[in-house]
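Here is how the chains run, residue by residue.
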Amino acid sequence: MDNILQEDWSSWIRKYPISLNIRDFEGRPTMSTVIGRIDFRKHVLNGKKDELDRYILYCYERSLYNIHHVSKLSGKEFVDGYLLLNLFGYTPQRHACLACMPSWVKLIQNYERHYPQSVTRIIMINTPKIFQQLFQILKPLLTPHTAKAVRVYDVNKEEWKRELLRIFPENNLPPEFGGSRPNPRIRAK
């Protein structure tokens, strides 16, 4: 994992971009993505499961690097950030198939093993009922700290937007998270 930030992730970033440009009212960094775009099933069936798992690790590493970078630039001691996940496009066929479940488990295990307490809050929006059921199955894998940090919102935009606007300036949120800011993504190397 030591060299993961130096590896070429350009094709993955183009397909499944993340944003590291959102800040809360205090300047705390945030990583966001539309996780519903990621076709877990396709990658598992095409023998790319390990590469997908590693790309998710890369995203964690970029986020952690960003927290330290923003701390240094701002002079504020941030030790954690936000994680915003939009599940728009999530389907049980592409995301919750039996072959996909090990990736979800590994995603949680890697976070808890290597990045514990690196998030202030994990906010998931546009979660369909089927995901909420899946999350209840996976929730025991979370530490109490992480479980307490997770907020799950369904497709009721008024509800999740109200919560996000308590934390983030509207002009700092991209449209897929209820804001008005254009969403510059991280650039592929």
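Preceding block: the structure.
S.K.: An account of the pairing of strand β2 (residues 29-34) is requested, with residue identities and associated values reported.
M.R.: Of all six residues making up β2, six are buried, and the element is well covered by its neighbours. What sits between strand β1 (residues 19-23) and β2 in their antiparallel hairpin is a turn of five residues, with Gly-27 showing a positive phi close to 95°. In terms of strand pairing, β2 meets strand β3 (residues 81-86) through five bridges, oriented parallel. Each residue of the ladder has a partner; that of Met-31, found in β3, is Leu-83.

S.K.: With reference to specific residues and values, describe the environment of Thr-143.
M.R.: Tracing the backbone shows Thr-143 in the loop between α6 (129-138) and α7 (144-149). By relative accessible area, which is 31% here, Thr-143 ends up partly exposed. Between the C-alpha atom of Thr-143 and that of Val-155, which follows or precedes it by twelve residues, the distance is 26 Å.

S.K.: Please provide a residue-by-residue account of the state of the cysteines, values included.
M.R.: Any covalent bond linking the sulfur atoms of two cysteines counts as a disulfide. In this structure the tally under the stated criterion is one disulfide. Counting only cysteine sulfurs, Cys-100 is the nearest neighbor of Cys-59, a cysteine outside any disulfide, at a range of 17 Å. Given the relative accessible area of 6%, Cys-59 is considered buried.

Conventions adopted
- Residues numbered from 1 in each chain as written.
- Predicted model: local features only at pLDDT ≥ 70, side-chain atom pairs only at ≥ 80, totals over all residues.
- Heavy atoms only, no water.
- Buried < 20%, exposed > 50% of the residue type's maximum accessible area, 1.4 Å probe, protein only.
- Helix = DSSP H or I, 4+ residues; strand = E, 2+ residues; numbered from the N terminus.
- Pairing = 2+ DSSP bridges.
- Disulfide = S-S within 2.5 Å.

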